Amino acid sequence: AKSDLTVLLLGESGTGKEVVARLVHRMSGRAGGPFVAVNCVALNENLLESELFGHEKGAFTGAAGRRTGKIELAHGGTLFLDEIGDISAAFQAKLLRVLQERSFERVGGNEAIEVDVRVIAATNRDLKKAVAEQRFREDLFYRLNVISVSLPPLRDRRADILPLAETFLKRMARGATVFSAEARAVLEGYAWPGNVRELKNAVERAAVLSEGAEIGLADLPAEVMASAPAAGGGPEGFHGRVDSARRRIVEEALAKCEGNQTKAAELLGLQRTYLARLIRQMGLG
């Protein structure tokens, strides 16, 4: 952070690359300057060029006035280029020139604009493989890969799962405030393919859907619930046996009420919506 070198952040989607980029900026000598983020994959090549470089009035149809680009807006601060591995070959050449010369021209203009920016780029792609396959310029890769930081997926840092989940739950300031022991075990046992972003969404959803102050198994998304037996030590473990007993109780209540969920919920002393979620997660519906 204290250097002014270009940083390349590598990691799966949802691992928090922009969070790290903002942290690097806040800890740097450029903290008083702007932090400007650009999602490179969200725009086609022409729009991305206008977004980054800006344009002059009349540069193209619809350009009613001059527009200041993101690179210029980041002057004195940090420019964060997210999903850098998805830009086209033509745009790679244009970006390389900016990194080399620290100057650019607006679209439709011929005035060279010098900028003082620190570049932090991020990607979930394997750029070395892309270079080998000639899908990413080797010279641009080495320009970006001055300091490389790899962010491990959440499944490889399970000790972070519960602290993160509890932090997201506190931020909700509504609904449930704690996790049950069973829910905690399942959260730790799930692989989280969507990483921190998926965890945050799961916690927020569970907090809203929870009937009380505690988030239980039935409040978690179905795909997270699927990891319950593994998290509980297999079907003969504590959580596996609890799940089997819960399933048997629900099946018996539904059979006794001839499949009527409202009557089954009354019989079990449960909220109708809570029972409906249990039935969906158990695959009984």
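From a predicted model like this one, the values you see are computed outputs, not experimental measurements.

Enquirer: Explain helix α9 (residues 195-209) to me, please; I cannot follow it from the model alone.
Expert: Three- or four-residue spacings in an α-helix give side chains the same orientation, since the helix completes a turn every 3.6 residues. Its 15 residues give α9 an end-to-end C-alpha distance of 21 Å, which sits within 8% of 21 Å, the value for a rise of 1.5 Å per residue. For α9, every residue scored as buried is listed here: N195, V196, E198, L199, A202, V203, A206 and A207. Projected down its long axis, α9 shows its buried positions confined to an angular sector of 165 degrees, all on one face. Lining the buried residues of α9 we find α7 (161-172), β10 (178-179), α8 (181-189), β11 (214-215) and α10 (222-225).

Enquirer: Can you help me understand the nonpolar core in this one?
Expert: Soluble, globular proteins show a tendency: their nonpolar side chains are buried together. Counting 31 residues, the largest nonpolar core has L52, L81 and I84 as its most contacted members. Mapped onto this core, the elements with two or more residues apiece are β2 (35-39), α2 (45-53), β5 (78-82), α4 (89-101), β8 (118-123), α5 (127-132) and α6 (138-144). With five residues, the single largest contributor to this core is α4. Excluding anything up to four places from it in sequence, L52 contacts V38, G69, K70, I71, L79, L81 and F91. Counting residues in hydrophobic clusters, the runner-up holds 25 residues, among them F168, L169, V186 and I215.

Enquirer: It is not clear to me how the side chain of H25 should be interpreted in this structure. Could you clarify?
Expert: Secondary-structure assignment places H25 in helix α1 (residues 17-26). Once residues lying within four places of it in the same chain are set aside, the contact partners of H25 are R30, A31, G33, P34, F35, G77 and T78.

Enquirer: Which parts of the structure should I look at to understand the sheet that holds β8?
Expert: Sheets are built from strands paired through backbone hydrogen bonds, the pairs being either parallel or antiparallel. Pairing is parallel across the open sheet formed by five strands, whose spatial order is β2-β5-β8-β1-β9. Looking at which strands have only one partner, the edges of the open sheet turn out to be β2 and β9 (147-150). Looking at each pair of strands side by side, their axes are set apart by 20 degrees on average, direction ignored. Here strand β1 (residues 7-10) pairs with β9 via four bridges, running parallel. Its bridge partner lying in β9, L8 is registered against S148.

Enquirer: Quick question: what am I supposed to make of the pattern of salt bridges here?
Expert: A side chain of one charge can pair with a side chain of the opposite charge if their charged atoms are brought near each other. If you walk through the whole model with that rule in mind, you get 18 salt bridges. Across the salt bridge formed by D116 and R30, the nearest N and O atoms sit 2.6 Å from each other. With a gap of 86 residues between them, D116 in the loop between β7 (113-114) and β8 and R30 in the loop between α1 and β2 connect regions that are remote in the sequence. Among the residues examined, D116 registers a relative accessible area of 39% and is labelled partly exposed. Of the charged contacts in the structure, one is a salt bridge between D160 and R157, with a shortest N-O distance of 3.2 Å. Three or more residues joined by partner-sharing salt bridges are found here, namely E56, R66, E72 and R106.

Enquirer: Whenever I open this one, the pairing of β5 confuses me. Can you help?
Expert: Of all the five residues making up β5, five are buried; the element is thus mostly covered by neighbouring parts of the structure. Neither face of β5 is exposed, since T78, F80 and D82 on one face and L79 and L81 on the opposite face are all buried. In terms of strand pairing, β2 meets β5 through five bridges, oriented parallel. The partner of V36 across the bridge, within β5, is L79. Pairing of β5 with β8, which is carried by four bridges, proceeds in the parallel orientation. Looking across to β8, one finds that F80 is bridged to I120.

About the thresholds
Residues numbered from 1 in each chain as written. Predicted model: local features only at pLDDT ≥ 70, side-chain atom pairs only at ≥ 80, totals over all residues. Heavy atoms only, no water. Helix = DSSP H or I, 4+ residues; strand = E, 2+ residues; numbered from the N terminus. Expected span 1.5 Å × (residues − 1). Buried < 20%, exposed > 50% of the residue type's maximum accessible area, 1.4 Å probe, protein only. Arc of directions from axis to C-beta. Contact = heavy atoms within 4.5 Å. Core = buried A, V, L, I, M, F, W, Y, C linked by side-chain atoms within 4.5 Å. Pairing = 2+ DSSP bridges. Axes fitted to C-alpha atoms, helices over the stretch in contact; angles between N-to-C directions. Salt bridge = Lys/Arg side-chain N within 4 Å of Asp/Glu carboxyl O.

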